[in-house]
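So you can see what is in the structure, the chains are spelled out below.
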2 protein chains.
Amino acid sequence: MISHLPMSSYKKRVDRVQNHLVEKGTSGLFVSNPYNIFYMTGLFHFPTERPIALFVPQKGEPIFFIPIMELEEAKRVTIFKDIRHYFEYPGPIHPIDWMVDEIKGEYSNLSNISLDSGSHELFTQIKERFNGVSISFDSIVHTIRLTKDSEEIELLKNAAIYADFIVKSGMDIAEPGISELELLQEMSNRTLSKMVFDLDEVILVPGGPAGGLVPSGDRTAMPHALPSAKKLQKGETQILSCGANVGGYRVECERTCFIGDVSQEQEKVFNVMAEAQQMAIEAMRPGMTCAEVDSVALDHIRKAGYGKYLLHRTGHGKGLEEHEAPWIDEGDHTVLQPGMVLSSEPGIYIEGFSGFRHSDTVVVTDNEPLILTKFPRSIEELIIK
Amino acid sequence: MISHLPMSSYKKRVDRVQNHLVEKGTSGLFVSNPYNIFYMTGLFHFPTERPIALFVPQKGEPIFFIPIMELEEAKRVTIFKDIRHYFEYPGPIHPIDWMVDEIKGEYSNLSNISLDSGSHELFTQIKERFNGVSISFDSIVHTIRLTKDSEEIELLKNAAIYADFIVKSGMDIAEPGISELELLQEMSNRTLSKMVFDLDEVILVPGGPAGGLVPSGDRTAMPHALPSAKKLQKGETQILSCGANVGGYRVECERTCFIGDVSQEQEKVFNVMAEAQQMAIEAMRPGMTCAEVDSVALDHIRKAGYGKYLLHRTGHGKGLEEHEAPWIDEGDHTVLQPGMVLSSEPGIYIEGFSGFRHSDTVVVTDNEPLILTKFPRSIEELIIK
């Protein structure tokens, strides 16, 4: 099973960025967003104060700037020949100043540089050090990341296997008396062991290779309730809100389950949520806007009388980040295109009683929406015996 | 054992910021850095695209702006009476625009606002929306965070207990044949179980309540080698690079161990590292600069002939972040003050052979440096039988 992209992917990405720079007449792009660095180079790193950047000139070889401690790893995983390193942060010369000096030393005729992102401090520092070169922002890397190619979808399909597996493990392990923390620990362990066995490489991204949130009882009414020492109890709702990543690509699979038994009241709200979720999935087709998909789901919940229990939008993009653009929200009018990968996860949260949310990861295609996560969604299959 | 700060801490912090604003003649501070939000409010959150901000006016009640899904938690943990929420990102009106409108609605006579940090995009958006109010940056919250008070040091002492415990667990569990991934999983599990048992609250920060890196053999020569399927072997170096956090305050404890046996060559390099580490600890006194402490340790390593095997500075600040200012580096001329909390962790990394690094977390005091982490550091006590 593949666990990372072929090296050719990175060459294609550099080509796309360079074509864009030619079109725009930009001298070069300074990439420093950590996810964009991973996307363009294949080097995953936990961002610290030590800056890492890729300078993509309009023509020629990119320059990859890293702290010396990443040198071996950068040589191992990236296609770049021109890797330059600094010793430490902040250092006798600030690493960003050094990067600018290196770029100026390599290219004497720069007229304008774009940044992919960054703090106001970074912008100001680069502007001052380049002194005379025009500095702006360009979201080309984020734009390319919006739609996934077949190789990326292959990785997402593999990640979905483990997202389903961790939910299944959760249902197998959950029982009255176990705490949320123990439950999460054990389901993560089982899934990680399987991933280490199956895959040639497991990348440790934030959140881990597989994990999630597992609120139980009335804590399910908090969408982001962190795992606690609370013990599971018969008759309570149990949300298994899980995700897994393969090669840095993340998929989420979330299920609303019930410990032993489900009440009529639980079932009634569950059904409204499940219908809304399915309607959003059905609506994830080229030509629809994010805002339109959002209202399909949330309006269904509102019409059923649960509007005041909404705490969030219908979903968001999936890819390298836990949440990424586009946003399935009334404020995002992006038109869906084939290759976009989205979560469908409208939720209903009744304080003091229970929350209800499924999430699946869905690819927009030219035909039917492709649901990557396959774990059962019907209430009968979600009762934990 | 205390696991979080008393509510009075947050009142004190707001007072300090407001006094600073009066002194500077600033109308208000817009705090949005996630660690600064935690520091000022006690609300921990994993930053997503949904902005969270605290507006501290020169006089009067701060306004806390959050997405609705954080409302219950914000009410539970913070002292603020004026909590305002928005539904979603990006929403029909962008949350940042909404925050600015709310602040303008509350205060009609604002002349100048400072931000604590933020992207160039945030800066530009706030500047445009405030339209006429002068916008700048002010690092007052970061500055206050540089020195820890007695309540914070109490939490750090408690965190050190678990940082020591996870290293001890690692030594107990490590044996030839087990993989790095399994080792890390098992030591983290044991420590988490103990924390859940001991503490009334365990905060799930990035990196987990307790965890780390556990490179073995020649992988120890990469300072940030992520856990892999590599199996431990007799005679190899085993680095246990661990940390734990209590109430959001983090401590690190790292030890260079040996599986079963240690060679003369390993011992020779180990001794140089251990001497340098102790010398840096000894030098962590008020009046010394970060750069001076750094050269004490690194010059010792250079004089012993291992200068070309240095891959990083001597250490960094500890507190809410894994790494935070000040930096024990030649480029940081900050003068040490009582209450600063620092790691001492010079390392020697010989590719193809082995890496060597201990790390302890040390408080600068008016008297002797206070080492929070107590795990043994001598080679005899670090041989895994």
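Conventions we followed
- Residues numbered from 1 in each chain as written.
- Chains lettered and ligands numbered in written order.
- Predicted model: local features only at pLDDT ≥ 70, side-chain atom pairs only at ≥ 80, totals over all residues.
- Heavy atoms only, no water.
- Contact = heavy atoms within 4.5 Å.
- Salt bridge = Lys/Arg side-chain N within 4 Å of Asp/Glu carboxyl O.
- Polar contact = N/O pair within 3.5 Å; in protein donor to acceptor, adjacent residues only side chain to side chain.
- Helix = DSSP H or I, 4+ residues; strand = E, 2+ residues; numbered from the N terminus.
- 1 Å grid on protein atoms, 1.4 Å probe; cavity = no way out; pocket = protein on both sides within 12 Å on 5 of 7 lines; lining within 4 Å.
- Points joined across faces, edges and corners; volume = space filled by probe spheres on them.
- Axes fitted to C-alpha atoms, helices over the stretch in contact; angles between N-to-C directions.
- Parallel < 35°, antiparallel > 145°, perpendicular 65-115°, else oblique.
- Left-handed = near helix turned anticlockwise from the far one by under 90°.
- Nonpolar A, V, L, I, M, F, W, Y, C, P; charged D, E, K, R; others polar.
- Least-squares fit on C-alpha atoms with pLDDT ≥ 70 in both.
- Expected span 1.5 Å × (residues − 1).
- Buried < 20%, exposed > 50% of the residue type's maximum accessible area, 1.4 Å probe, protein only.
- Phe/Tyr/Trp six-rings, centres within 6.5 Å; stacked < 30°, edge-to-face > 60°.
- Lys NZ or Arg CZ within 6 Å of the ring centre and 35° of its normal.
- Core = buried A, V, L, I, M, F, W, Y, C linked by side-chain atoms within 4.5 Å.
- Domains from an automatic or database assignment.

Per an unreviewed UniProt entry, chain A is named M24 family metallopeptidase, and its organism is Virgibacillus byunsanensis.

### Details of the interface of chain A and chain B
Taken together, the 44 residues of chain A in the interface contact 45 residues of chain B. Counting across the chain A and chain B interface gives four salt bridges. The salt bridge partner of B:Arg313 is A:Glu49, with a shortest N-O separation of 2.5 Å. At the boundary of chain A and chain B, one finds 13 residue pairs in polar contact (both at pLDDT 80 or more). Going through the elements one at a time, helix H5 (120–130) and helix H8 (180–198) of chain A are the ones with two or more residues in the side of chain A that touches chain B.

### So, the layout of surface pockets
It is the rolling of a water-molecule-sized probe over the atoms that shows where space remains empty. Considered as a void within the structure, the second largest pocket measures approximately 240 Å³ in volume. What lines the second largest pocket is a set of 14 residues, and nearest its centre among them are A:Glu72, B:Ala221, B:Leu311, B:Tyr349 and B:Glu351.

### Topic: the packing of helix H4 (residues 95–106) of chain B against helix H5 (residues 120–130) of chain B
Two measures define how a pair of helices packs: the angle their axes make with one another and the distance between the axes. Residue and element names in this part refer to chain B. With their axes 10 Å apart at the nearest point, H4 and H5 run at an angle of 40° to one another. Between H4 and H5, the crossing angle belongs to the class labelled oblique. For the crossing formed where H4 meets H5, the hand is right-handed. Contacts between H4 and H5 involve Ile96, Asp97, Val100, Asp101, Ile103 and Lys104 from the former and Leu122, Gln125, Ile126, Arg129 and Phe130 from the latter. For the contact of H4 with H5, a count of residues per class yields six nonpolar, one polar and four charged.

### Things to note about the relation of the copies chain A and chain B
Under the fitted operation, chain A is carried onto chain B by 0.0 Å of movement along the axis and a turn of 180°, and the coordinates agree to an RMSD of 0.0 Å. When the rotation and shift are considered jointly, the pair of chain copies conforms to a two-fold rotation axis. When the interface residues of chain A are mapped onto chain B, 100% of them again fall at the interface, so both copies present the same face.

### Comments concerning helix H1 (residues 8–24) of chain A
Residue and element names in this part refer to chain A. Here H1 contains 17 residues, and its C-alpha end-to-end distance of 25 Å stays within 8% of the 24 Å for a straight helix at 1.5 Å per residue. Ser9, Tyr10, Arg13, Val14, Val17, Gln18, His20 and Leu21 are the residues of H1 that are buried. At its buried positions, H1 is contacted by strand E1 (28–31), helix H2 (34–41), strand E2 (53–57), helix H6 (140–145), helix H7 (150–173) and strand E9 (249–259). Count one or two residues on from H1 and you reach Gly25, which has phi positive near 70°.

### Examining the packing of aromatic side chains
One pass over the structure, following the stated rule, counts 22 aromatic pairs over all chains. With a centroid separation of 5.4 Å and 75° between ring planes, the pair formed by A:Phe65 and A:Trp98 is classed as edge-to-face. Taken together, the residues span a long stretch of sequence, with A:Phe65 in strand E3 (residues 63–67) and A:Trp98 in helix H4 (residues 95–106) at a distance of 33 residues. On the basis of relative accessible area, A:Phe65 is assigned to the buried category, the value being 0%. Given the relative accessible area of 14%, A:Trp98 is considered buried. By way of ring pairs, the aromatic residues A:Phe38, A:Phe44 and A:Phe46 are connected into one cluster. Here A:Arg13 stacks its cationic end above the ring of A:Tyr39, 3.7 Å away from the centre of that ring. Its guanidinium or amino end placed over the ring of B:Phe165, B:Lys194 lies 5.4 Å from that ring's centre, counting from NZ or CZ.

### A few points about the nonpolar core
Nonpolar side chains tend toward joint burial in soluble globular proteins. Among the nonpolar cores identified, the biggest contains 98 residues, and A:Phe64, A:Leu183 and A:Leu240 are the most heavily contacted of them. No other element matches H7(A), which puts eleven residues into this core. Looking at which domains feed residues into this core, each of domain 1 (8–145) and domain 2 (150–384) of chain A supplies at least three. Within the second largest apolar cluster, 96 residues are counted, among which are B:Leu54, B:Leu183, B:Met187 and B:Val362.

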